[in-house]
Amino acid sequence: GDKEVMGLRPAAGKVMLQGSSTVALASAFNWYLNDFLNTTYDWSTYEVFIPSSPPMPATVNRTRVVQNSYYLNVCTYGYSLAFSDWAYWQKHIDWMAMQGVNMPLAFLGQEQVMLNLFARFNITFEEMQEFISGPAFLPWFRMGNLQAWGGPITRTWITKRVTLQQQVLARMRSMGMRPALPCFSGFIPPAFVTKHPTVNYTQAADWNRFPGKYGRVDLLEPTDEMFQQVGKAWVEEQTKLFGTDHIYQCDTYNEMSPRSGDLNYLANSSSSVHKAMKAADPDAIWLMQGWLFYYTPSGFWTTERIKAYLDAVPDSGMWILDLAAAAHTVWTKTSSFFGKPFVWNTLHGYGGQQGLTGNLPQIDAGFDAAASNSTVMGVGITMEGIWQNYIVYEYTLAKAWGRAGDPQTYARQFGARRWGSAAAPAAARIWGDIYTAAYATGGKPDAGPITKRPTFSALALAAPRRNCTWTSEISGTYLANYPAGFDPTALPYANTLAAAQEWCEGAGDCGGVTLSQQRYEARAGPVPAKSPAQEASWVKLCASASPLAKIWGDMLQLSGTAGAVKAYRFDVVDVGREFLTQEFARRQLALALAAGAKNVSATQQAAARLLSVIDDFDALLSTDSNFMFGSWRSQARSWGSSTQESDWLEFNARNQVTLWGPNGEIVDYSTKAWGGLARSFFKPRWALLTKQVVEAVQQGKQFDQQAFDKEVLQSVEQPWQNCTDAYPDTPEADTIKVATALYAKYVAAETVLV
């Protein structure tokens, strides 16, 4: 048939890999590493352990369940790979092949394509600098969401990225992959309209309120005859530089509504995009993200409009990426995209934020349903940022070869091969616990309150679920999760669940569901005033009750056997990061309670304890380069050909993971729990908030969130964007020593140490 096969067999004392393609051979090698050598080659550590006398496998074979494995999101080229160099890409492409990826997205170097293309239409380099964004924001520029922010782009950057794209494509193609390249989706530089005043164009819909020129993106109407000329020229110029595998990815309406919902207009729009690429490449296939059908505001994409848009392109000429099918399936609501072949994807991660969570059963059931009754032709992973929750994405890609079975069993097997053979039995048990705590019913990753712009609203003070077992030892009322907008300091201290529910319904924020249905927890009765010692006991009780506390402790007991394994050390930091994030949320609640009681001394002490968690958070993260801002910064600066250019690149790197725009238009969307970032950016923000909270209590006033937001932007966030202070990109201390000390401080000790 048309599906690839792979196999393993013994051959004269050696292991013979078999496969119908280079990717299939690499997949067979990965199968052997996982199931016979009990080791994992992942995308953060790239470390495997091969014994001196490898075991011989039985003769075994597998056939693909679906013919394609897709990898990458347009956004991944910003949130993770914006500054990755060729040394990293070599390892990463090998990893792709081993995971069975045969259809990756290849979005590097297209700025040179644009220069060459628009030069045909009399647009100069200087005019293109008013259009192309900075390197950290190129994905959203390419999708027409913004322009010029983070620029002006430089010639040296563009030239270097062409070289990198050529290297990446050569290696992908040597593996037998068919990389998807971009094509023209309709967005044009401002000078194009000036020099071609008769063209029919519209201003693309607003995207996240980017001000002035940054948000005024012009869209050449797909129905204008000039669209065909530009679209054809794009593919021609791109093919000269990079060749082609006849798969082109572009999106005209990413997170933006078309100017008209008329069915004929929509049909003509999609037909025009496809015709333009086919004019230059008769074998062109349009690979389109199905994200717009789920996410576009105001419910624009009705079933009739989706059908009109898709039916205008032949089924043989369009493939759809059901971009977030695991959590937000579209194929089930559109009769398999009305007959179009599609790729079933796990998106899961937004902005590249960390957060120990996922839902393997959802992936298992969702893909199996598509494979049994749809036009699915592939499986893929489309996270916006990589280097987090690796098990979620490995499990998804393993579906292509039928290697992802029962989720809980898979998690245990994953653990057994992650930390080295000596730790395998214990690691399997611990990863079973991690699965239960994080990957059985989890959602999308969230880097947590430390990494977000501080707020004293109750929404941000919501303690994570399952982080505390409330017992009769602690009298009073505590809400483990607040409804949106609920402010405990605004109510008297007789906060029963019924009172909270009454407030919620009165404010109209419940959405027709009760607190109990949303799993909000409380205990009846008044909250007595507590001394700092009692409050510390409450925080301590919650910490020891967290399932992550036990998991982290069990992990640290393996340091003697697994301490040298990179993946083990990575996981110790990752679980510890999650635990400290929960600890911080608990101390946020303690601060709110102290402030609500108008107790100045208790508020001051709670504020100090809150800030101390950030210090420990930073110390732990700074023990692994995978969790260090200095690594991101160094990658960015390395692309500069001068100090000035490196400073510009550093601005891009800083802005993307913090303000994401000139004034925080998407503030903290792509925040990261990184050492260096915690102490230099997160802590000053929280220090300012706690200072103002204490002052409000001292003065008997309400905390002013709006005034704080304005001040933190002006005094902390914006000044930090243009700094060029150096940050270490190698570990500052030993992971095991720091984690062990922090575990003793927060969990194992008899008293709370602050």
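Predicted model, so just to flag it, every value in this text is computed and none were measured.

Asker: Run through the sheet that holds strand β10 (residues 247-249), naming residues and quoting values.
Answerer: Strand order in this open sheet of eight strands is β5-β4-β14-β13-β12-β11-β10-β6, and the pairing throughout is parallel. Bordering the open sheet on either side are β5 (103-104) and β6 (181-182), each of which pairs with just one other strand. Both β6 and β10 contribute to a ladder of two bridges, which runs parallel. Considered in β10, the bridge of L181 is made with Y248.

Asker: I'd like a rundown of unusual backbone geometry, residues and numbers included.
Answerer: Leaving glycine aside, a negative phi is the common case for residues, and trans is the common case for peptide bonds. G151 connects to P152 through a cis peptide bond whose omega is 0 degrees. One non-glycine residue with positive phi stands out, namely S336, at about 55 degrees. You can see S336 is positioned in helix α13 (residues 335-338). The phi dihedral of N389 is positive, around 50 degrees, even though this residue is not glycine. In this fold, N389 is placed in the loop between β14 (376-381) and α15 (390-398). A relative accessible area of 4% places N389 in the buried class.

Asker: Explain the pairing of strand β11 (residues 285-289) residue by residue, including any values.
Answerer: Summarising burial for β11: five of the five residues are buried, a large majority. Judged by which residues are buried, β11 turns out to be covered on both faces: I285, L287 and Q289 on one side and W286 and M288 on the other are all buried. Pairing geometry for β10 and β11, over three bridges, is parallel. Within the sheet, the bridge partner assigned to Q249 lies in β11 and is L287. In the classification by handedness, the crossover that spans β10, the intervening helix α10 (residues 263-280) and the parallel β11 is right-handed.

Asker: Requested: an account of the packing of aromatic side chains, with residues and values cited.
Answerer: Scanning all chains against the criterion turns up 58 aromatic pairs. Considering the side-chain rings of W291 and Y295, the 5.2 Å spacing of their centres and the 15 degrees angle between planes classify their relative orientation as stacked. Here W291 pairs with Y295, and both are found in helix α11 (residues 291-295), just four residues apart, close to one helical turn. According to the relative accessible area criterion, Y295 is partly exposed, its value standing at 41%. Ring centres of F681 and W720 lie 4.9 Å apart, and the angle between their planes is 50 degrees; on these two criteria the pair is classed as tilted. Of this pair, F681 sits in helix α26 (residues 677-699) while W720 sits in helix α27 (residues 705-721), placing them 39 residues apart in sequence. Here W720 falls in the buried class, since its relative accessible area comes to 5%. Within the aromatic cluster, the residues linked to one another by ring pairs are Y79, F137, W140, W149, W207, F210, Y214, F651, W660 and Y669.

Asker: If you had to explain empty space enclosed by the protein to someone new, which residues and values would you point to?
Answerer: Within this structure, the stated rule accounts for eight cavities of 30 Å³ or more. The calculated volume of the largest cavity comes to roughly 170 Å³. If you go around the largest cavity, you meet 19 residues; those closest to its centre are Q110, R142, C183, S185 and W234. Elements represented by at least two residues in the lining of the largest cavity include exactly α4 (110-119) and α6 (138-142). Among the residues making up the lining of the largest cavity, the classes are represented as 13 nonpolar, four polar and two charged. Roughly 110 Å³ of internal volume is contained in the second largest cavity.

Asker: If you had to explain the layout of surface pockets to someone new, which residues and values would you point to?
Answerer: For the second largest pocket, the calculated volume is near 770 Å³. At the level of elements, α3 (86-98), α22 (566-596) and α24 (629-638) are the ones that each hand at least two residues to the lining of the second largest pocket. Looking at the lining of the second largest pocket, the element that brings in the most residues is α24, giving five residues. Broken down by class, the residue content of the lining of the second largest pocket amounts to 14 nonpolar, 14 polar and six charged.

Asker: I'd like a description of the side chain of E111, backed by residues and values.
Answerer: Relative to the elements of secondary structure, E111 occurs in helix α4. Beyond its immediate sequence surroundings of up to four residues, E111 is in contact with I132, L138, R142 and I158.

Asker: Tell me what's going on with the pattern of salt bridges, and back it up with residues and numbers.
Answerer: The tally for this structure, following the rule as stated, stands at 39 salt bridges. Linking R577 and D574 is a salt bridge whose minimum nitrogen-to-oxygen distance equals 3.0 Å. Of this pair, R577 and D574 both sit in helix α22, three residues apart, which is roughly one turn of the helix. Looking at R577, the relative accessible area reads 1%, which means it is buried. Among the charged side chains, a network of salt bridges with common partners joins R120, K232, E236, E237 and K240.

Asker: How would you summarise the packing of helix α23 (residues 600-621) against helix α28 (residues 735-748) if you had to cite specific residues and measurements?
Answerer: Two elements in contact, α23 and α28, have axes whose closest approach is 10 Å; the angle formed by their N-to-C orientations is 155 degrees. In terms of orientation, α23 lies roughly antiparallel with respect to α28. For α23 against α28, the interelement crossing comes out left-handed. Along the contact surface, α23 presents S612, V613, D616, A619 and L620, while α28 presents V738, A739, L742, K745 and Y746. For the contact of α23 with α28, the residue count by class is seven nonpolar, one polar and two charged.

Asker: Tell me about the nonpolar core, and please be specific about residues and values.
Answerer: Counting 232 residues, the largest nonpolar core has W89, F118 and W344 as its most contacted members. Here this core gets 12 residues from one element, more than from any other, and that element is α22.

Asker: Go over the pairing of strand β12 (residues 318-322) with me, naming the residues and quoting the values.
Answerer: Burial of β12 is extensive: five of the five residues sit out of reach of the surface. Neither face of β12 is open: one carries M318, I320 and D322, the other W319 and L321, and all of them are buried. In the sheet, β11 pairs with β12 via four bridges, with the strands oriented parallel. Across the sheet, the residue bridging to M288 is I320, located in β12. As defined by bridge partners, β12 adjoins strand β13 (residues 342-346) across three bridges and the pair is classed as parallel. Bridging from a neighbouring strand, I320 pairs with F342 of β13.

Asker: Break down the packing of α15 against helix α16 (residues 407-416) for me, with residues and values.
Answerer: Two elements in contact, α15 and α16, have axes whose closest approach is 11 Å; the angle formed by their N-to-C orientations is 115 degrees. The interaxial crossing formed by α15 with α16 has right-handed handedness. Within the contact between the two elements, α15 uses Y390, I391, E394, Y395 and A398 and α16 uses P407, Y410, A411 and F414.

Each value, and the rule that gives it
Residues numbered from 1 in each chain as written. Predicted model: local features only at pLDDT ≥ 70, side-chain atom pairs only at ≥ 80, totals over all residues. Heavy atoms only, no water. Pairing = 2+ DSSP bridges. Helix = DSSP H or I, 4+ residues; strand = E, 2+ residues; numbered from the N terminus. Buried < 20%, exposed > 50% of the residue type's maximum accessible area, 1.4 Å probe, protein only. Right-handed = clockwise from strand over helix to strand, strands pointing away. Phe/Tyr/Trp six-rings, centres within 6.5 Å; stacked < 30°, edge-to-face > 60°. 1 Å grid on protein atoms, 1.4 Å probe; cavity = no way out; pocket = protein on both sides within 12 Å on 5 of 7 lines; lining within 4 Å. Points joined across faces, edges and corners; volume = space filled by probe spheres on them. Nonpolar A, V, L, I, M, F, W, Y, C, P; charged D, E, K, R; others polar. Contact = heavy atoms within 4.5 Å. Salt bridge = Lys/Arg side-chain N within 4 Å of Asp/Glu carboxyl O. Axes fitted to C-alpha atoms, helices over the stretch in contact; angles between N-to-C directions. Parallel < 35°, antiparallel > 145°, perpendicular 65-115°, else oblique. Left-handed = near helix turned anticlockwise from the far one by under 90°. Core = buried A, V, L, I, M, F, W, Y, C linked by side-chain atoms within 4.5 Å.

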